[in-house]
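Each chain, written out:
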Amino acid sequence: MSPTLRALVAVEAGEPADVLRLESRPVPAPGAGQALMRVSATPIHASDLHVLRGRYGFSLDFPAVGGHMECVGRVTALGPDTAGPEVGERVVFAAIPAVPGGHAVGTWQEYLVADTRRLLPVPDRLSDFSACQLAVNPLTALLLVTRELDAEPGEWLLQTAAGSTVGRLIIQLCRHLGVRTINVVRRRDAVEEIKAFGGDAVICTEDEDLSRRVAEIAGPAGVRKAVDCVAGPVGAQVSQALAPGGEVVVYGALSTHRQTDPAALTIPLQARSVIYETKTVRGFWLNRWFGIASPEDALRALSQVRRLVADEVLSIPQGRPFPLERFAEAVAFAETPAHGTKPLFVLRDDQANEDM
Ligand SMILES: NC(=O)c1ccc[n+]([C@@H]2O[C@H](COP(=O)([O-])OP(=O)(O)OC[C@H]3O[C@@H](n4cnc5c(N)ncnc54)[C@H](OP(=O)(O)O)[C@@H]3O)[C@@H](O)[C@H]2O)c1
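Remember, it's a predicted structure, so these values are computed and weren't measured experimentally. (Residues numbered from 1 in each chain as written. Predicted model: local features only at pLDDT ≥ 70, side-chain atom pairs only at ≥ 80, totals over all residues. Heavy atoms only, no water.)

## Brief notes about the confidence of the model for the chain
Model confidence for the chain is summarised by a mean pLDDT of 94, while 96% of its residues fall at 70 or above. Scored below 50 in pLDDT, residues 350-356 shows 12 contacts in the model against residues more than four places distant or in partner chains. (pLDDT = per-residue confidence, 0-100. Contact = heavy atoms within 4.5 Å.)

## Focus on the pattern of salt bridges
Once their charged atoms are close, side chains differing in charge can pair, the charge on each being opposite to the other. Counted according to the given criterion, the structure contains 22 salt bridges. Taking the shortest distance from any N to any O, the salt bridge between Glu148 and Arg282 comes out at 2.8 Å. Here the residue Glu148 occupies a position in helix α4 (residues 137-148), and Arg282 occupies one in strand β14 (residues 280-283), the gap between them amounting to 134 residues. Classification of Glu148 by relative accessible area gives partly exposed; the value is 23%. (Salt bridge = Lys/Arg side-chain N within 4 Å of Asp/Glu carboxyl O. Helix = DSSP H or I, 4+ residues; strand = E, 2+ residues; numbered from the N terminus. Buried < 20%, exposed > 50% of the residue type's maximum accessible area, 1.4 Å probe, protein only.)

## Observations concerning the site of the ligand
Among the 22 residues in the neighbourhood of the ligand, the closest are listed as Thr165, Arg187, Leu286, Ala338 and Lys342. Ser164 has a polar backbone atom sitting 3.4 Å from an oxygen atom of the ligand. A distance of 2.8 Å is found between an oxygen atom of the ligand and a backbone nitrogen or oxygen belonging to Val166. Compared with its free state, where it exposes 940 Å², the ligand has 83% of that area covered by protein. In the shell around the ligand, the residues fall into 12 nonpolar, 7 polar and 3 charged. (Near = heavy atom within 4 Å. Polar contact = N/O pair within 3.5 Å; in protein donor to acceptor, adjacent residues only side chain to side chain. Areas by Shrake-Rupley, 256 points an atom, 1.4 Å probe, with all protein chains shown as cover. Nonpolar A, V, L, I, M, F, W, Y, C, P; charged D, E, K, R; others polar.)

## Details of the sheet that holds β14
Sheet strands pair by backbone hydrogen bonding; their relative direction is either parallel or antiparallel. Taken together, 6 strands build an open sheet; the order of strands is β11-β10-β9-β12-β13-β14 and the sheet is parallel. Only two strands of the sheet have a single neighbouring strand rather than two, namely β11 (201-204) and β14. If you compare each strand with its neighbour and ignore which way they point, the axes differ by 20° on average. Here 4 bridges tie strand β9 (residues 156-159) to strand β10 (residues 180-185), and the two strands are oriented parallel to one another. Within β10, the residue paired with Leu157 across the bridge is Thr181. (Pairing = 2+ DSSP bridges. Axes fitted to C-alpha atoms, helices over the stretch in contact; angles between N-to-C directions.)

Structure (structure tokens):
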């Protein structure tokens, strides 16, 4: 009998808890340039849920294994004539499908076949919980701060949802680079936490005016660089608060998190501010970056992230483990306000799963 794996499969687009099924499938064989990987941990990102709902920047052919961002595990076999990581080596797989044309591989399964050019060996001292989150959020933070905005020491960087995983990584990276951060949060009780975490200044949209506070903090020179993952009116206020010539890179739309109303997926900019103060609002999407970057450049950037994590410049929150069969609970946890840590599917033997 051929070996089988367990996989969380979405039978169609819809609410993740309704459309996901735990299925058995044959373990695939790697082709040339591919490795077979035994997955040990894989996160549940907001974007994974958007993909299953059919509301993301690329579409799946259903039925499809869920999870399209990243995972960690060990190489168990290599395809014919394939160099790269050794069998037995622990690797991170950046599964993010490149747009346009990239091939989507679901990570919410026990084994998968991966292009070896997307595999990055990771040191043993990095836990599975951290390593499985290495590719998406830390890479996004690095690219936003250093490549998209080229933030310089002494400059201010304004960011929204500062308590998010990406937000905290941006704070850590900026401290390392000498860039000062103004951090926007939506809850008063997050303010002290973000200051203690290393944010230079914090603005709480629950009870403060964003533009006025930015002016108070940055003074007459103002702020010229911002990243926003909230969009909607908050994203518009960020653009409004920037100094003339300023630019904001929008990389998420948390204010319309479940995207049930497409008309709400807007950023109502002030035309006067955009025109007369010559501001820029542009997007960033890691999938598109992977579509443009060469495999060598992508691995180089991932290696840079791995080094920053290994050197403890960046620390990745541990995450909360769930076994595959508790997917409904894991998905609900991912969308609970103020849930703090990120849910991860941790794939161990059945005995270990019972202990989670
Ligand atoms: N464009 C790209 O390539 C790319 C790559 C990576 C991530 N992203 C995006 O980056 C964003 C953050 O991801 P993550 O994994 O770091 O998130 P996360 O760790 O799950 O954290 C979510 C955070 O967002 C805050 N939040 C949720 N809804 C909000 C709202 N309506 N207004 C203000 N804050 C809100 C939450 O605040 P509370 O603590 O108050 O609940 C929490 O701090 C997501 O939109 C994700 O899709 C984009």
